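Descriptive analysis of the structure
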Amino acid sequence: MDEFMGSFDACHAVHLLPIYAASEAAIEGVTAAALQQGMVRRGHRCVQLCVDLDDARGKAEEALKQGDVVMLLGAGSIGHLAAEMRRSREHHG
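We now turn to the structure provided with this report.

So, how was this worked out
- Residues numbered from 1 in each chain as written.
- Predicted model: local features only at pLDDT ≥ 70, side-chain atom pairs only at ≥ 80, totals over all residues.
- Heavy atoms only, no water.
- Helix = DSSP H or I, 4+ residues; strand = E, 2+ residues; numbered from the N terminus.
- Contact = heavy atoms within 4.5 Å.
- Areas by Shrake-Rupley, 256 points an atom, 1.4 Å probe, with all protein chains shown as cover.
- Salt bridge = Lys/Arg side-chain N within 4 Å of Asp/Glu carboxyl O.
- Buried < 20%, exposed > 50% of the residue type's maximum accessible area, 1.4 Å probe, protein only.
- Core = buried A, V, L, I, M, F, W, Y, C linked by side-chain atoms within 4.5 Å.
- Expected span 1.5 Å × (residues − 1).
- Arc of directions from axis to C-beta.

1. Quick look at the overall build of the protein
- Tallying secondary structure elements over the protein gives 4 helices and 2 strands in all.
- Beginning at the N terminus, the succession of helices and strands in the protein can be written as α-β-α-β-α-α.
- Here the C-alpha coordinates of the protein stretch approximately 40 × 35 × 20 Å along the principal axes.
- In the protein, once contacts between residues fewer than 6 apart in sequence are set aside, the share between residues at least 24 apart is 62%.
- When the accessible surface of the protein is split by element, carbon and sulfur atoms take 53% of a total near 6,900 Å².

Encoded structure:
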């Protein structure tokens, strides 16, 4: 998991959603809170937990308003959120 966490070292901010197992069994100890703690231990200064997709969307939209680049990564619902946000920005500028 340390190698994965290192993928975000250069990011200004990271916002994590809860991690849910899909068709596979959950991996013990792999949670958003564990990732947050590990990233902070690695020296990352801004790692926040989102309670749900609405919370994540709000944080992403605020970052976009400030001119930041936003990257949404994951499977399932996060892909739908990315598509919704893209459609919304295309229609509302």
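The discussion continues.
2. Description of the pattern of salt bridges
- Evaluation of the coordinates by the stated rule reveals 5 salt bridges.
- Lys-59 serves as the salt-bridge partner of Asp-55, at 3.3 Å between the closest nitrogen and oxygen. Taken together, the residues Asp-55 and Lys-59, both in helix 3 (residues 53-65) and 4 residues apart, mark about one turn of the helix.
- In this structure Lys-59 comes out as partly exposed when scored by relative accessible area, which is 23%.
- Arg-57 is the salt-bridge partner of Glu-61, the closest N and O atoms lying 2.8 Å from each other. Of this pair, Glu-61 and Arg-57 are both found in helix 3, 4 residues apart, which corresponds to roughly one turn of the helix.
- Residue class for Glu-61 comes out partly exposed when judged on its relative accessible area of 30%.
- Salt bridges sharing common partners tie together Asp-2, Asp-9 and Arg-42.

3. Description of the nonpolar core
- Within the largest apolar cluster, 8 residues are counted, these being Met-5, Phe-8, Val-14, Leu-16, Ala-32, Leu-35, Met-39 and Val-47.
- Elements that contribute at least two residues to this core include exactly strand 1 (14-16) and helix 2 (32-41).
- The residues contacting Met-5, other than those within four sequence positions of it, are Leu-35, Gly-38, Met-39 and Arg-42.
- Listed in part, the 6 residues of the second largest apolar core include Ala-56, Ala-60, Ile-78 and Met-85.

4. Comments concerning helix 4 (residues 77-92)
- Helix length check: helix 4, at 16 residues, gives a terminal C-alpha distance of 22 Å against a target of 22 Å (1.5 Å per residue), a fit within 8%.
- Turning to helix 4, its buried residues number three or more, namely Ile-78, Leu-81, Ala-83 and Met-85.
- Those residues of helix 4 hidden inside the fold are in contact with helix 3.

5. With respect to helix 3
- The first and last C-alpha atoms of helix 3 sit 18 Å apart over 13 residues, in line with the 18 Å expected at 1.5 Å per residue.
- Inspection of helix 3 places Ala-56, Arg-57, Ala-60 and Ala-63 among the buried residues, and these make up the whole buried set. Buried residues of helix 3 fall within an arc of 130° about the axis and therefore sit on the same side. Exposed residues on helix 3 whose side chains face more than 90 degrees from its buried face are Asp-54 and Lys-65.

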